[in-house]
Amino acid sequence: MITVHESQGKPVWVDLFQPSAEELADACERFGLDIPPRARLEEIEFSSRLQYEDGVFTLSVPVAPNHGGEEHHTSPLGFVLTQDILATVRFSHLHVFKSVEERVNRRPRTAPDIFLVILEGMIDYGADRLEELRDKALRLSSHIFQKPGHHHRHKSRRTGRVLANVLLEIGDMGARLSHIRDTLLVLQRAVPFITEHGDAWLEAPLRARLKMAGADVQSLNDYEVHLTDKIQFLLDAALGFINAEQNELFKVLTVWSVAGIPPVL
């Protein structure tokens, strides 16, 4: 599906959602752009993700689908940016684009301005997901390090179930955090890349916003490292408590086996 957004009677943003080969070829011919297919966008080396030639940026950013369901994988989000037009290629629903369309329709915008709006939306989304993971890590920490209750008879069984669920939650958090990390690493390289090569035709307000976006990405990367360490600590703690519970069980079995030796003899 191809959606064309115009400003002052001229197309400034072409959004391709799950385009077929025919739609991709039609968009390239209509707007004079070399829009890469999905196979090229999924290449992992940075020389393929970030390209600039003859005044045209070609970027590829791995993003996790954020349509309200579970995030099981990432898919590429492609950008083809010139001074006059922006083309985006995506293969999953991104709620960022809904808010971007609302902002774009409020007033006339240029292609670089729309690109900055999308970039800022992706950074905001990454920050929100990191905040959610932080809150989840705090809740898991309270489950792992909870004080013993009054029901000592069911303590071992209850703790075992809780720790098993905690391990599943930690695994899910690690998967989600890896998706965010993939996106932030590419954005960390992309922002200075665009600043360096697009300085000749980027207006001063856009350069200032790009600089601020770069600072935000750097701070999110630092926080992601902190959160990764926190999750690793919770994983080690959960495994340590599980090991301690198993040792207590083995002690009980050992005592009963020793107590049963004299009658057997």
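Keep in mind that what you see is a predicted model, and the values were worked out from it rather than measured.

Taking burial as the measure, the five residues of strand β6 (residues 86–90) include five buried ones, the bulk of the element. Neither face of β6 is left uncovered, since the one carrying L86, T88 and R90 and the one carrying A87 and V89 both have all their residues buried. Taken together, the five bridges between strand β5 (residues 75–81) and β6 define a ladder with antiparallel strand orientation. By the bridge assignment for β6, G78 is matched with V89.

Here we come to the sheet that holds strand β2 (residues 10–17). Ordered by their spatial adjacency, six strands build an open sheet running β1-β2-β6-β5-β4-β3, and the pairing between neighbours is mixed. In this open sheet, the two edge strands, each paired with only one partner strand, are β1 (2–7) and β3 (50–53). Sheet twist, expressed as the mean angle between neighbouring strand axes with direction ignored, is 15°. Pairing of strand β4 (residues 56–63) with β5 involves seven bridges; the strand directions are antiparallel. By the bridge assignment, V61 is partnered in β5 with L77. Here helix α5 (residues 111–144) sits on the sheet in contact with β2, β4, β5 and β6, set at roughly 155° to β5.

If you look at the biggest cluster of nonpolar residues, it comprises 56 residues, and the most contacted ones within it are W13, F79, L86, F115, I118 and L119. Those elements that provide at least two residues to this core are β2, β4, β5, α4 (95–104), α5, α6 (155–197) and α7 (204–259). For this core, the element with the most residues is α5, which contributes 16 residues. Contacts of L119, omitting those with residues within four sequence positions, involve L187, V191, L210 and A213.

This part takes up the side chain of K136. Following the sequence through the fold, K136 ends up in helix α5. Residue contacts for K136: discarding those within four places in its chain leaves E169, D172 and M173.

All right, on to a negative patch on the surface then. A contiguous patch of negative charge, built from D124, D128, E131 and D216, is present on the exposed surface. With three residues, the single largest contributor to the negative patch is α5. With respect to the helices, strands and loops of the structure, E131 is situated in helix α5.

What counts, and where the lines are drawn
- Residues numbered from 1 in each chain as written.
- Predicted model: local features only at pLDDT ≥ 70, side-chain atom pairs only at ≥ 80, totals over all residues.
- Heavy atoms only, no water.
- Buried < 20%, exposed > 50% of the residue type's maximum accessible area, 1.4 Å probe, protein only.
- Helix = DSSP H or I, 4+ residues; strand = E, 2+ residues; numbered from the N terminus.
- Pairing = 2+ DSSP bridges.
- Axes fitted to C-alpha atoms, helices over the stretch in contact; angles between N-to-C directions.
- Contact = heavy atoms within 4.5 Å.
- Core = buried A, V, L, I, M, F, W, Y, C linked by side-chain atoms within 4.5 Å.
- Patch = residues over 30% accessible without salt bridge, like charges linked within 9 Å, V, L, I, M, F, W, Y side chains within 5 Å.
- Areas by Shrake-Rupley, 256 points an atom, 1.4 Å probe, with all protein chains shown as cover.
- Salt bridge = Lys/Arg side-chain N within 4 Å of Asp/Glu carboxyl O.
- Lys, Arg positive; Asp, Glu negative; His and termini not counted.
- Charge placed at Lys NZ, Arg CZ, Asp CG, Glu CD.

Function-wise, these values are silent; they only describe arrangement.
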